Each structure stands twice: as C-alpha cells, then as structure tokens.
Amino acid sequence: MLADPERSDVMLADAVTHARRAGSQRFESIALGLQAFCRLVDGSPPDRTLAIIDDAERLAAPSGWDRTS
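The present account deals with the structure reproduced in this document. (Residues numbered from 1 in each chain as written. Predicted model: local features only at pLDDT ≥ 70, side-chain atom pairs only at ≥ 80, totals over all residues. Heavy atoms only, no water.)

1. Examining the pattern of salt bridges
In plain terms, the rule: Throughout this description, the term salt bridge denotes a Lys or Arg side-chain nitrogen within 4 Å of a carboxyl oxygen of Asp or Glu. Residue exposure (1.4 Å probe, protein chains only): buried if accessible area is under 20% of the type maximum, exposed if over 50%, otherwise partly exposed. Helix and strand assignments follow DSSP, with helices taken as H or I runs no shorter than four residues and strands as E runs no shorter than two, numbered in order from the N terminus.
A complete count under the given rule lists three salt bridges for this structure. A salt bridge links R20 to E28, with the nearest nitrogen and oxygen atoms 2.5 Å apart. Residue R20 is classed as partly exposed on the basis of its relative accessible area, which comes to 48%. Measuring nitrogen to oxygen at the nearest pair gives 3.8 Å for the salt bridge that ties D55 to R58. Of the two residues, D55 and R58 both sit in helix α3 (residues 46–60), three residues apart, roughly one turn of that helix.

2. A word on the packing of helix α1 (residues 5–22) against helix α2 (residues 25–42)
Threshold: To get an axis, a line is fitted to the C-alpha atoms, and for a helix only the part in contact is used. The angle between two axes follows their N-to-C directions and goes from 0 to 180 degrees. For this classification, under 35 degrees means roughly parallel, over 145 means roughly antiparallel, 65 to 115 means roughly perpendicular, and everything else is oblique. Crossing handedness is read from the near helix: turned anticlockwise from the far helix by less than a right angle, it gives a left-handed crossing, and turned clockwise, a right-handed one. In this analysis, two residues are considered to be in contact whenever any of their non-hydrogen atoms come within 4.5 Å of each other. Following the grouping adopted for this structure description, the nonpolar residues are Ala, Val, Leu, Ile, Met, Phe, Trp, Tyr, Cys and Pro, the charged ones are Asp, Glu, Lys and Arg, and the polar ones are all others, Gly among them.
Two numbers describe how α1 lies on α2: the axes approach to 9 Å, and their chain directions differ by 165 degrees. It follows from the interaxial angle that α1 and α2 lie roughly antiparallel. Considering the relative orientation of α1 and α2, their crossing is left-handed. Contact residues: P5, E6, S8, D9, L12, A13, A15, V16, A19 and R20 in α1; F27, E28, A31, L32, L34, Q35, C38, R39, V41 and D42 in α2. Taken together, the residues of the contact of α1 with α2 break down into 12 nonpolar, two polar and six charged.

3. Things to note about a nonpolar patch on the surface
So the rule is basically this: Each patch is built from residues lacking any salt bridge and having more than 30% relative accessible area; the joining distance is 9 Å for like charges and 5 Å for nonpolar side chains (Val, Leu, Ile, Met, Phe, Trp, Tyr). Working definition of accessibility: Shrake-Rupley area with a 1.4 Å probe, residue cover restricted to the visible protein chains.
On the surface, M1, L2, F27, I30, L34, F37 and V41 cluster together to form a nonpolar patch covering roughly 620 Å² of accessible area. Given a relative accessible area of 33%, L34 falls into the partly exposed group.

Quick look at the structure:
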C-alpha cells in the first residue's frame, strides 16, 4: 500500500464493494480503514479521508470491534 497508494485505493474500493455484497460489516470496516490509510499516504483531502474513517467506525461500533487493531 505504501509503494502504490493510488492502486491500493482502487483495489480497496473493490474490497468494500465485495464486503457489502457479502453483508460483512466487519470486512467492510477493515477495507474502509485501510482505504483511509492509503488516502492519508497519498495526500488526499482530509475531509474525504475523515468521511471514510467515520464510516469504518460507524460499522465497527455495534460489534465493539476496534478497527484500528
């Protein structure tokens, strides 16, 4: 992800789509957290990155799962 954050961002967007189709909020939260990381590395606008983090935290909250671990 560090070597090619733009490509990783695209691949993680696909992972989010697959997780949603599978109905796995936990996998979706993981993919969103990693996508936010890629965008931070890539220098994307902070508001877009924070929106992704908000979505990941919202999905993780009901299960108590900590997406940062």
